[in-house]
Amino acid sequence: MSILRAVLARIRALRRSAGADRDLDDELRAYVEARAASYERRGLTRGEAERAALIEVGGIEQVKERVRDVRIGAALGAALHDVRYGARVLWRSPAYALVVVMTIALGIGVNAATFSVMHAVLWRPLPYPDAARIVLIEADTHALPSAYSSAGPVFDPRELQLITGIAQLEGRDASLEIDGMMERVASARVTDDLLPLLGATLTAGRTIVTSMDADGTLLKGVVISHELWQRRFHGDPGVIGRPLTVNNMAVQVVGVLPPAFRLVVPAANHAEERVDLVLPRDFAPDLIYRGMPLFGRVAPGATLAQAQAELDTAAARFAASHPSAYPGGLRMTVRPLGEVVTREVRPALMALAAAVGFVLLIACVNVANLLLARAKRRERELAVRRALGATRLRLIRQLLAENLLLALLGGAAGLLLARLGVDLLDWLRPAHLPRQSEIAVDGVVVLWTAGVTLVSAAIFGLAPALAFTRGGGGQQLHASRPGSLQLQSRRLQRALVLAEVALSIVPLVAAGLMLRTFIKLLDAPIGFEPAHVVTARVSLNLRNFSSVERRSAFYQTAMARVRDLPAVEAVSIGGPLPLAPVQSTLRFRRGEDRQGTPSIGMHRSVMPGFLGVMGIPLRAGRDISDDDILHRRRVAIVDEQVAARLWQGDAIGKQLSVEYSKLPLEVVGVAGPIRARDIRQGDTLMIYVPSHVYEIEQTLVVKTRAPLSTIGPAIKRAVESLGPGRPVFDIRPMQEIVAASIDNTRFTMLVLSAFAIASLVLAGVGLYGTLAYLTSQRTQEFGVRVALGASAAGILRLVIGEGLLLTALGAAVGLAGAAAVTRTLRGLLYGVTPLDGFTIASAVALLAAVALVAIAAPAWRASRVDPATALRSE
């Protein structure tokens, strides 16, 4: 209550301040008049008496200032007065105010937008009850999922005591048909414990129970999303039990998810955040060895370290009892779900945060330089105010109030820019960025922006305020023109320019490294030709195509139909596609070497012609043929790396043992190596087997030069015309799949480049503005130099030399900082090092070019100074 009373007292005092000021003024003037009359009676003239009375009182305005300082609410009143005065000053200089506000807005806007992303992605708790206890169990596979894959018994973490509710989740597309209307929707196959683990309280019905909702691979019941319930069933409360068709299987609705329920899971689970269908699946412990983590919850009272210790002990005990299953040992880790979800994007986001920090610092330095230049024009005004009794603290407060007003306007405009940035991000939708639906300019972002605005105001406003209120003011007041602090302010402005250049080169080098990385990735030898290849996924109804023979026959018929389409050059089927999110790995060894350590690699399930359509070179032997498919021969094609590792390159006719088959495969061909999982990884071993040897969801690959808009629908019609249960979806160019695999690098490169350009522009503008101002202050000096015989070229060299010297010093300091900062980018780079000479040289050259452009105009004006005019102005 005491605080409230104090606040109310200050407000009342503010309301009465105008009347109090009038009373004080009347009282002081009456007192001065009385003292003047007294001095007159002592024989002084009227003027001498008034001067003596004012000296005795100490000045009317000075006394009023001292009285105001001790009045209740004086500080608040003075602040409001300062802000009003600052607003009037800025109103009289709209161009200056606009430049300063926009500079601040740019710096704060990019920071606010980046903070919005980091807050939503990295720091906001996951949208699940007690989310901190939800963990993921991962197998340490040393860069290759399924490195510990075993054909025999596998370790099952469900035996653990300190991690409960262990569940699995796998994202998939699904075909959905309701009342004859078919669409593709995102779905997730989950085990029974997944939804309870995530705290999903269903709007209607019950959760998934695999024993009731599935019969082997056949679906019987599904849970639908709240959005699908509203969109296709119009929120019908009787939706439970309603029939629908999923993946050509007749199922019924058993539950409805809560509104806005999202799956925030790692990319390894291949699940979208918003799924419309939740499907049942059996628990398969071996999937963890193929890179798909398990979900669980740390038991009440247990810590993450205790859970990890229990897992280590259990895994070591199992590996010791099954040495043939895990010849390299078995290592598993438990990590919080939130940490794993953001693991891939955290380095890039931290790099972006550092880049926008540099942008803000450059903006602050720019504004500080502008304020210095403007404060010099107000030097005499400040000196007069100082002579009239204003203290240094009072002047600093006045200047800071003006700067705070600029900062607040810049912060408000920055928030608008941040909102535009978030909208732009929503439009771009980078595939690798999790929790995008939660990114927004909310209250936390506004508060953070307000804090940054205040800090920025202090950074760019304090130095000019201190510099121009130093000293008693007499020197400025008695000078014939502004410029008494010229030397001091010049040194400060040069120091700020140097800092600006140094700050700008760090994001420039970082963006250059990411640009070089992206170019290297585009030029990386991926081993196949994605150009003019169209892909289309085909999902078969397992009830209608229950045997391998029927499925093989369908694929061959579908290939024949598509091959007959106009503009189709070649067609085949295979999967998974190179650089697709889902890959398949296996262990293998030479057929005669039953006891040796197996090798780890990837494999493709293909039909004849797959290598040709994809442009994968066949180095030796032959391709898989129609006869192989017809007679179900157990053959394989290996790449050159497998051939070199197992048979020193002579692989044709050799026997290859794979983990999922007791019978060996005969090697009939050797293909060139491809980059299958990641363009950065060039040492992945690859094996191609016919589709009847290893079955997986297949994709049509079509070699054609026809546009996607015409060939896509034609492919869909050709395949689906073969009958129901053969939906074709996800039709897109192979180049799009390749491009998507480096989408995270592209996004980081583009954003970093935008920030680097902003930094460079700010530095260039700052350099130009400062040199233009400094040059204008030296007009008389240049006039004298010319009068004494200096040539225009000499003046030109003088000014350009000064600018380039500042740029060189700033670049040297900046490069030292860049050498330290860019080391944090090491994990994001490919084909370049953090100290790449070409990148650093290019950044310096670009900065020098911008500096030269910024210096040219002031230097040219200096060289054209007329000595007579300059000396007359003196």
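What counts and how
Residues numbered from 1 in each chain as written. Predicted model: local features only at pLDDT ≥ 70, side-chain atom pairs only at ≥ 80, totals over all residues. Heavy atoms only, no water. Helix = DSSP H or I, 4+ residues; strand = E, 2+ residues; numbered from the N terminus. Buried < 20%, exposed > 50% of the residue type's maximum accessible area, 1.4 Å probe, protein only. pLDDT = per-residue confidence, 0-100. Contact = heavy atoms within 4.5 Å. 1 Å grid on protein atoms, 1.4 Å probe; cavity = no way out; pocket = protein on both sides within 12 Å on 5 of 7 lines; lining within 4 Å. Points joined across faces, edges and corners; volume = space filled by probe spheres on them. Nonpolar A, V, L, I, M, F, W, Y, C, P; charged D, E, K, R; others polar. Pairing = 2+ DSSP bridges. Salt bridge = Lys/Arg side-chain N within 4 Å of Asp/Glu carboxyl O. Core = buried A, V, L, I, M, F, W, Y, C linked by side-chain atoms within 4.5 Å. Axes fitted to C-alpha atoms, helices over the stretch in contact; angles between N-to-C directions. Parallel < 35°, antiparallel > 145°, perpendicular 65-115°, else oblique. Left-handed = near helix turned anticlockwise from the far one by under 90°.

A separate point is unusual backbone geometry. Residue P576 follows G575 across a cis peptide bond; omega there is -10°. For P576, the location among the structural elements is in the loop between β15 (568–575) and β16 (585–590). A positive phi angle is found at H234, which is not glycine, with a value near 55°. Among the structural elements, H234 can be located in the loop between α9 (226–233) and β9 (243–246). On the accessibility criterion, H234 (68% relative accessible area) is exposed. Phi is positive for A567, which is not a glycine, with a value near 75°. As for its placement among the helices and strands, A567 is situated in the loop between α18 (548–563) and β15.

Right, let's get into the confidence of the model for the chain. Should the pLDDT be low somewhere, the predicted coordinates at that spot are not to be read in detail. For the chain, per-residue confidence averages 83 on the pLDDT scale, and residues scoring 70 or more make up 89% of the total. Every residue in residues 143–149 scores below 50 in pLDDT, and together they form 33 contacts with partners more than four places removed in sequence or on other chains.

To continue, consider empty space enclosed by the protein. Tallying each qualifying case throughout the model produces three cavities of 30 Å³ or more. Estimates place the volume of the largest cavity at around 120 Å³. If you go around the largest cavity, you meet 13 residues; those closest to its centre are L371, R378, L399, E402 and N403. Elements that contribute at least two residues to the lining of the largest cavity include exactly α12 (346–377), α14 (392–428) and α15 (443–467). In terms of residue count, the dominant contributor to the lining of the largest cavity is α14 (four residues). Class assignment for the residues of the lining of the largest cavity results in eight nonpolar, two polar and three charged.

What follows is about the environment of G612. Topologically, G612 is positioned in helix α19 (residues 610–614). Residues G612 and S572, 40 residues apart in the sequence, show an inter-C-alpha distance of 8.7 Å.

Let us look at the pairing of β9. Taking every second residue as pointing to the same face, the buried face of β9 carries L244 and V246, while none of P243 and T245 on the other face is buried. By the bridge criterion, two bridges tie strand β3 (residues 169–178) to β9 in an arrangement that is antiparallel. Its bridge partner being in β9, L176 is matched across the sheet by V246. Bridge count for β9 against strand β10 (residues 249–256) is four bridges, and the pairing is antiparallel.

So, about the pattern of salt bridges. Scanning the model with the defined rule gives 35 salt bridges in all. R46 serves as the salt-bridge partner of E40, at 2.8 Å between the closest nitrogen and oxygen. With relative accessibility at 32%, the residue E40 sits in the partly exposed group. By relative accessible area, which is 30% here, R46 ends up partly exposed. With a shortest N-O distance of 3.1 Å, R335 and E138 are connected by a salt bridge. Residue R335 is found in strand β13 (residues 332–336), and its partner E138 is found in strand β1 (residues 134–139); the two are separated by 197 residues along the sequence. Accessibility expressed as a relative area gives 27% for R335, which makes it partly exposed. One connected set of salt bridges, linked through shared partners, spans E33, E40, R46 and E50.

Looking now at the nonpolar core. Ranked by size, the top nonpolar core spans 137 residues in total, and within it Y688 and L700 carry the most contacts. With 17 residues, the single largest contributor to this core is α12. With residues near it in sequence (within four places) discarded, Y688 still touches R604, V606, F610, L611, I616, I624, A636, I637, A671 and I674. Counting 31 residues, the second largest nonpolar core, distinct from the first, contains L169, L198, L257 and F295.

Moving on to the packing of helix α24 (residues 743–777) against helix α27 (residues 837–863). Each packed pair of helices is defined by two parameters, the angle between the axes and the distance between the axes. Contact geometry for α24 and α27: axes closest at 9 Å, N-to-C directions at 25°. Classified by the angle between their axes, α24 and α27 sit roughly parallel to one another. Viewed along their axes, α24 and α27 form a crossing whose handedness is right-handed. Counted together, L760, G764, L767, Y768, L771, A772 and T775 of α24 and L846, L847, V850, A851, A854, I855, A857, P858, R861 and A862 of α27 form the full contact between these two elements. Looking at the contact of α24 with α27 residue by residue, the classes come out as 14 nonpolar, two polar and one charged.

Moving on: the sheet that holds β13. As summarised here, the arrangement of the four strands in space is β2-β12-β1-β13, forming an open sheet in which the pairing is antiparallel. Of all the strands in the sheet, the pair left with one neighbour each is β2 (163–167) and β13. Averaged over all adjacent pairs, the angle separating strand axes in this sheet is 30°, with direction ignored. Here β1 pairs with strand β12 (residues 294–298) via four bridges, running antiparallel. Within the sheet, the bridge partner assigned to I134 lies in β12 and is R297. Contacting β1, β2, β12 and β13, helix α10 (residues 304–321) crosses the sheet at an angle of about 160° to β13.

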